[in-house]
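If you want the building blocks of each chain, they are given just below.
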Amino acid sequence: MWQRWSTKKSRLSVAGLLFMLSLSVAVMVLYTNRERETSTFTSFAHPNLPPRNNLEVLDRFSRCNSTSEYSGKKIEWVDHHAPSEGSDIVGAAAKEEENICDVFSGKWVFDNSSSYPLHKESDCPYMRDQLACEKYGRPDLEYQHWRWQPHPPCNLKRWNATEMWEMLRGKRMMFVGDSLNRGQWVSMVCLLQSVIPRDKQSMSTNAQLTIFKAEDYNATVEFMWAPYLVESNSDDPVYRTLDVRIIRPDSVLKHASMWQHADILIFNTYLWWRRPHPVKIQWSSKEKGACEEVNGAEGMELAMNAWAHWISNNVDPNTKRVFFVTMSPTHIWKREWNPGSEGNCYGEKKPIEETSYWGSGSDIPIMRMVERVLRRLGPKVSVLNITQLSEYRKDGHPSVYRKFWEPLDDDKLKNPASYADCNHWCVPGVPDVWNQLLFHFL
């Protein structure tokens, strides 16, 4: 082959040689430009480095002194503690995956027996007014009686509060994330507290962290407010709603100092990345107030990789269980399940029956990005894939039956759909099933 090419080359004319020379120069120039472009867009930040002494702690008073376009910098990480391909962990995980049922695929079955709901709203002293739909006047209570039934031959493990406490004995279970994860935590506390004597249980709050404790089991069920997972200026659960939201995309260290000693961790993040406005980012290596601007999807990918770096280097799946809860759907466009109609989840009383239904509130590219990150973590993280099963529950949101923190004017009161909450979920309700799934996998 090389000889044949050599013979052809010797017969080229001078014009041909000049043409080949000019073509080679052009290719070299294009390659050099491409190299420059690639190096510009694939520069990497090393996540979770010890903070320098003068690094600003982000809070509600943080500001951007300057804002530039996104530099394209990425978060890269390598799992130095990953088990070898032939290790027991990988083999066991693969075997478990083969034998396990897909409990996330199924249908909602109406259950009017004494078994449902799994707990009563009025019996839980820790219920939050944002989720207490019955208390705030919801006239229909059917939403409490829908039970998730996986497709045959699979079944979901029946909820048992005492068995759950035995699994938690001497342990800390912590939910970390946004208000949707807080709703799941409220559901878990309400499911568990009924079997603990009132004088043997307590609730305490310390800034971002709220702790429910059962003395007899020496166990806690905790919630940590961290809507972006990485450090942000919205980490104060009281002063969290800010016009300009700033994150530190390359560090979870501030939050990790609070979650690192938990035995069971349940993470989520999604809703806060869905705002129409850009997110400001401040890299740990940059001077105070120097910001870049990214869209929500870009910011979430940076945050997920910084979080994954910490998980990969700090989690031993033999001693710590980590779960990631996939995106919680919204139902803000009625036309998506009832074409040609106006409105949202307000007034909805039954689940969607179309098995292939998928609303625009669940972003498929983001879901694929999350899947790529989680796949790299392997057995270190279990996935609670609540998205599709929750997509069907257009009836499960508080709608107008909750406490609203700002007074409603006459125009809104005349048009209930205009202020209906179609993001969060009534409790009892859908979050109870998320916790039943968590119980199933524990």
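Here, every reference points to the structure presented above.
These numbers were taken from a predicted model, which means no experiment stands behind them.

Bringing the overall build of the protein chain into the picture now. Summing up its helical and strand segments, the protein chain has eleven helices and 15 strands in all. Each of the 442 residues in the protein chain was classed as buried or not, and the buried ones make up 47%. Restricting to contacts in the protein chain with at least 6 residues of sequence separation, those with at least 24 account for 79%. Of the roughly 23000 Å² of accessible surface on the protein chain, a fraction of 52% belongs to carbon and sulfur atoms.

This part covers the packing of aromatic side chains. Counting across every chain of the model gives 17 aromatic pairs. In this structure an aromatic cluster arises from ring pairing among Trp259, Phe267, Trp307, Trp310 and Phe324. The cationic tip of Arg60 hangs over the ring face of Tyr239; the distance from NZ or CZ to the ring centre is 3.8 Å. Above the ring of Trp77, the side-chain terminus of Arg376 is found at 3.8 Å from the ring centroid.

Moving on, we come to the pattern of salt bridges. In total, this model carries 16 salt bridges according to the counting rule given. In this structure, Arg147 engages Asp111 in a salt bridge whose closest nitrogen and oxygen atoms are separated by 3.0 Å. On the criterion of sequence distance, the pair formed by Arg147 in strand S5 (residues 146–150) and Asp111 in the loop between strand S4 (106–110) and S5 is long-range, its members being 36 residues apart. Residues Glu348 and Lys334 are paired through a salt bridge, measuring 3.7 Å at the closest nitrogen-oxygen approach. Highlighted residues: Glu348 in the loop between strand S14 (321–325) and helix H8 (364–377) and Lys334 in the loop between S14 and H8, separated in sequence by 14 residues. According to the relative accessible area criterion, Glu348 is buried, its value standing at 11%. The network of salt bridges with shared partners includes Lys334, Glu348 and Lys394.

Every regular strand shows the same layout, with side chains that alternate between the two sheet faces. Sheet topology places strand S7 (residues 201–206) next to strand S8 (residues 209–214); six bridges connect them, and they run antiparallel. The residue bridging Gln201 from the neighbouring strand is Ala214, located in S8. Where S7 hands over to S8, the hairpin turn is made up of two residues, of which Ala207 adopts a positive phi near 55°. Of the pairings in the sheet, the one linking S8 to strand S9 (residues 219–225) comprises six bridges and is antiparallel in character. When the bridges of S9 are listed, Thr210 appears paired with Phe223.

Before going further, it helps to examine empty space enclosed by the protein. Applying the stated criterion across every chain, the model contains four cavities of 30 Å³ or more. By volume, the largest cavity amounts to about 60 Å³. If you go around the largest cavity, the residues you meet are Tyr116, Pro117, Leu118, Tyr143, Gln144, Trp146, Arg393, Pro428, Gly429, Asp432 and Val433. Among the residues making up the lining of the largest cavity, the classes are represented as seven nonpolar, two polar and two charged.

Within helix H4 (residues 161–168), burial applies to Ala161, Met164, Trp165 and Leu168. Buried residues of H4, seen end-on, are gathered within an arc of 100° and therefore sit on one face of the element. Two to three positions downstream of the cap, the backbone nitrogen of Thr162 sits 3.1 Å from a side-chain oxygen, assigning the N-cap of H4 to Asn160. Positive phi shows up at Gly170, right after H4, with a value of about 70°.

The biggest cluster of nonpolar side chains holds 100 residues, and the ones touching the most others in it are Trp165, Met173, Val221, Trp259, Phe267 and Trp307. Among the elements that take part in this core, helix H7 (residues 296–314) stands out by supplying nine residues, more than any other. Setting aside residues up to four positions removed in sequence, Trp165 forms contacts with Leu192, Val195, Ile196, Phe212, Ala214, Tyr217, Ala219 and Val221. One finds Cys133, Tyr143, Val400 and Cys422 within the second-largest nonpolar core, a separate group that totals nine residues.

All chains considered together, the criterion is met by five disulfides. The disulfide that involves Cys124 links it to Cys190, with 2.1 Å between the sulfurs. For the disulfide bridge between Cys124 and Cys190, the dihedral angle about the S-S bond is near -80°, and by the sign convention the bridge is left-handed. One end of the pair, Cys124, is in the loop between S4 and S5; the other, Cys190, is in helix H5 (residues 179–193), and 66 residues separate them in sequence. Across the pair, Cys190 and Cys124 agree in class, each one buried. Regarding the disulfides, the protein chain carries the connectivity 1-7, 2-5, 3-6, 4-10, 8-9 under sequence-order numbering of its bonded cysteines.

It is worth spelling out the pairing of strand S13 (residues 290–294) at this point. Counting buried positions along S13 yields four of five residues, so the element is predominantly enclosed. Relative to S13, strand S2 (residues 66–69) runs parallel, the two being bridged by four bridges. For Ser66, the partnering residue across the bridge sits in S13 and is Ala290. Looking at chain direction, strand S12 (residues 279–281) and S13 are connected through three bridges and run antiparallel. Looking across to S13, one finds that Ile281 is bridged to Glu292.

What counts, and at which threshold
- Residues numbered from 1 in each chain as written.
- Predicted model: local features only at pLDDT ≥ 70, side-chain atom pairs only at ≥ 80, totals over all residues.
- Heavy atoms only, no water.
- Helix = DSSP H or I, 4+ residues; strand = E, 2+ residues; numbered from the N terminus.
- Buried < 20%, exposed > 50% of the residue type's maximum accessible area, 1.4 Å probe, protein only.
- Contact = heavy atoms within 4.5 Å.
- Areas by Shrake-Rupley, 256 points an atom, 1.4 Å probe, with all protein chains shown as cover.
- Phe/Tyr/Trp six-rings, centres within 6.5 Å; stacked < 30°, edge-to-face > 60°.
- Lys NZ or Arg CZ within 6 Å of the ring centre and 35° of its normal.
- Salt bridge = Lys/Arg side-chain N within 4 Å of Asp/Glu carboxyl O.
- Pairing = 2+ DSSP bridges.
- 1 Å grid on protein atoms, 1.4 Å probe; cavity = no way out; pocket = protein on both sides within 12 Å on 5 of 7 lines; lining within 4 Å.
- Points joined across faces, edges and corners; volume = space filled by probe spheres on them.
- Nonpolar A, V, L, I, M, F, W, Y, C, P; charged D, E, K, R; others polar.
- Arc of directions from axis to C-beta.
- Polar contact = N/O pair within 3.5 Å; in protein donor to acceptor, adjacent residues only side chain to side chain.
- Core = buried A, V, L, I, M, F, W, Y, C linked by side-chain atoms within 4.5 Å.
- Disulfide = S-S within 2.5 Å.

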